Amino acid sequence: MSPNPQPNAPAPDFSLPDGNSKRVKLSDFGGKNVVLAFYPADWSPVCTSELAIIQETLEDIRGLNAEVVGVSVDNVWSHRAWAQQQHLSFPLLSDFWPHGEIARKYGVFLEKDGISNRALFFIDGSGNLRSSWIAENPAVAPGINIIFDALEEIMGARSHEARRA
Amino acid sequence: MLDDRIQRTEITDDDWCLGERNAPVTILEYGDFECPHCAAAAPALESVVDENPEAIRLIYRHFPITTIHPFATIAAEAAEAAGAQGKFWEMHNLLFANQPMFTPDNLRRLAKSIGLKVARFDKEMESHVHLPAVKEDFRRGVLDGVNGTPTIFINRVRYDGPREHDAILAVIAALAGERQV
């Protein structure tokens, strides 16, 4: 497995199709914080509840100047059908081909299983990786507080910097 | 360091409690009445408390995931409305036994079946007087780091193991062992 990217350095870029086959790049979110949520598979029970809870709290997450982007190795058609069935309104990106390339760049591709591990990467509005959470066990989803804690840390640090400026 | 294993919120007197309020072991559950995994876990959680009511208490908080469970919030409100008439746990059990079509008519039928004053129940449901309590539970669930439903904490530590009677008791027994050391 590739090493995980280091905090406080530019996050690895990506350009992947979403469920509508529209290309989404990290730089599209310039100025906003990005929650990059890698997960093993559409339709699986743990992913279903993890992303449903993200959807349920999405307005509060956006209140922290952030957008959520899901990434898995599923193809765009699977993403489209799953997002519709689960009422997910944030983009799900398809890391299908080259298979798992972006998961590899972030050091979370599970070679043995051919899927991504469950992981969260928090990228600030300047495109720098600030913190991450990587599952010890892909069957266990992150507590939703992880997303809020990481974003509040980014926002808190930013307002602190602004005060000093 | 990002951590999601520890319950941050305090248990309060407003929380729904099964077992003795001052029991030394607290199981906190964040649940959704439309969630099949919560329904499956309910008998095990209830039985560990029923067998040890002085030692173990169960606290139930609402965590309705409405995007996939459209009736979860209204069902949580119904449980609160039953609680206002002293029958929270009766309604809690009935909801888990009667998933998932919690239309207003079905909820009224359940309310009637446990002897609630239906006029009061209807009034409270129509004006959503219990919605703030449901939302407050959800907010606390976000702080505590819910990672699915049910999310269970045993003495403030998240428990991701099997939601089965023996497995839960084994964790509690291990905690009791640590305390005696």
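Residues numbered from 1 in each chain as written. Chains lettered and ligands numbered in written order. Predicted model: local features only at pLDDT ≥ 70, side-chain atom pairs only at ≥ 80, totals over all residues.

Participant: Teacher, can you tell me more about the overall build of chain A here?
Facilitator: Counting its regular elements, chain A contains 5 helices and 10 strands. Whereas a compact globule of 165 residues would reach a radius of gyration of roughly 15 Å, chain A reaches 15 Å, a difference of no more than 12%. The principal-axis extent of the C-alpha atoms belonging to chain A is close to 45 × 35 × 30 Å. The buried share among the 165 residues of chain A stands at 43%. The long-range fraction of contacts in chain A, counting pairs at least 24 apart against all pairs at least 6 apart in sequence, stands at 65%. (Helix = DSSP H or I, 4+ residues; strand = E, 2+ residues; numbered from the N terminus. Rg over C-alpha atoms; globule rule 2.2 N^0.38 Å. Buried ≥ 20, exposed ≤ 12 C-beta atoms within 10 Å, placed from the backbone. Contact = placed C-beta atoms within 7 Å.)

Participant: Help me understand the overall build of chain B in this model?
Facilitator: Within chain B, the regular secondary structure consists of 7 helices and 5 strands. Along the chain direction, N to C, the helices and strands of chain B fall in the order β-β-α-β-α-α-α-α-α-β-β-α. Radius of gyration (C-alpha) of chain B: 16 Å, near the 16 Å computed for a compact globule of 181 residues. C-alpha atoms of chain B, sized along the principal axes, occupy 55 × 35 × 25 Å. Counting every position in chain B, which comprises 181 residues, the buried fraction comes to 42%. Nonlocal contacts in chain B, meaning residues at least 24 apart in sequence, comprise 75% of its contacts between residues at least 6 apart.

Participant: For this particular structure, what's the right way to read the pairing of strand S4 (residues 33-38) of chain A?
Facilitator: Successive residues of a regular strand alternate their side chains across the two faces of the sheet. All names here are of chain A. Burial within S4 is extensive, with 6 of its 6 residues counted as buried. The alternating pattern of S4 places Asn33, Val35 and Ala37 on one face and Val34, Leu36 and Phe38 on the opposite face, and all of these are buried. Relative to strand S5 (residues 66-72), S4 runs parallel, the two being bridged by 6 bridges. Looking at the pairing, Ala37 lines up with Gly70 of S5. The sheet contact formed by S4 and strand S9 (residues 119-123) spans 5 bridges and is antiparallel. (Pairing = 2+ DSSP bridges.)

Participant: Can you walk me through the packing of helix H2 (residues 72-84) of chain B against helix H5 (residues 118-126) of chain B in this structure?
Facilitator: For any two helices packed against each other, one specifies the inter-axial angle together with the distance between the axes. Residues and elements named next belong to chain B. Running from N to C, H2 and H5 cross one another at 135°; their axes reach a closest spacing of 10 Å. With respect to H5, the axis of H2 lies oblique. For the crossing formed where H2 meets H5, the hand is right-handed. Mapping the contact onto sequence places Glu77, Ala78, Ala81 and Ala84 in H2 and Phe121, Glu124 and Met125 in H5. Tallied by class, the residues present in the contact of H2 with H5 amount to 5 nonpolar, no polar and 2 charged. (Axes fitted to C-alpha atoms, helices over the stretch in contact; angles between N-to-C directions. Parallel < 35°, antiparallel > 145°, perpendicular 65-115°, else oblique. Left-handed = near helix turned anticlockwise from the far one by under 90°. Nonpolar A, V, L, I, M, F, W, Y, C, P; charged D, E, K, R; others polar.)

Participant: Would you mind showing me how to read the nonpolar core here?
Facilitator: Side chains that are nonpolar tend, in soluble globular proteins, to be buried together. With 90 residues, the main nonpolar core has Val35 and Ala37 of chain A together with Ala75 and Ala78 of chain B as its most contacted residues. Considering each element in turn, this core owes the most residues, 8 residues, to H2 of chain B. With residues near it in sequence (within four places) discarded, Val35 of chain A still touches Ile61, Ala66, Val68, Val69, Leu120, Phe122 and Ile147 of chain A. (Core = buried A, V, L, I, M, F, W, Y, C linked by C-beta atoms within 7 Å.)

Participant: I would appreciate a short explanation of the interface of chain A and chain B in the present structure.
Facilitator: Many analyses report the size of an interface as the accessible area lost when the parts associate. Across the boundary between the two partners, chain A contributes 22 residues, which contact 15 residues of chain B. Residue assignment for the side of chain A that touches chain B shows that the elements contributing at least two residues are helix H1 (45-56), strand S10 (128-134) and helix H5 (145-164) of chain A. A per-element tally of the side of chain A that touches chain B places H1 of chain A first, with 7 residues. Here the residues of the side of chain A that touches chain B sort into 11 nonpolar, 8 polar and 3 charged.

Participant: Sorry, what's going on with the sheet that holds strand S1 (residues 16-18) of chain B here?
Facilitator: Strands in a sheet are paired, the pairing made by backbone hydrogen bonds, and the direction either parallel or antiparallel. All names here are of chain B. An order of S1-S3-S2-S4-S5 is seen for the 5 strands of this open sheet, with the pairing classed as mixed. For this open sheet the edge positions go to S1 and strand S5 (157-159), each flanked by a neighbour on one side alone. In this sheet, neighbouring strand axes are inclined to one another by 30° on average, regardless of whether the strands run parallel or antiparallel. Where strand S4 (residues 151-154) lies against S5, 3 bridges are found, and the strand directions are antiparallel. Note that in S5 the partner of Ile152 across the bridge is Tyr159. Contacts between helix H6 (residues 131-144) and the sheet are confined to strand S2 (25-31), strand S3 (56-62) and S4, with S3 contributing the most and set at about 110° to the helix.

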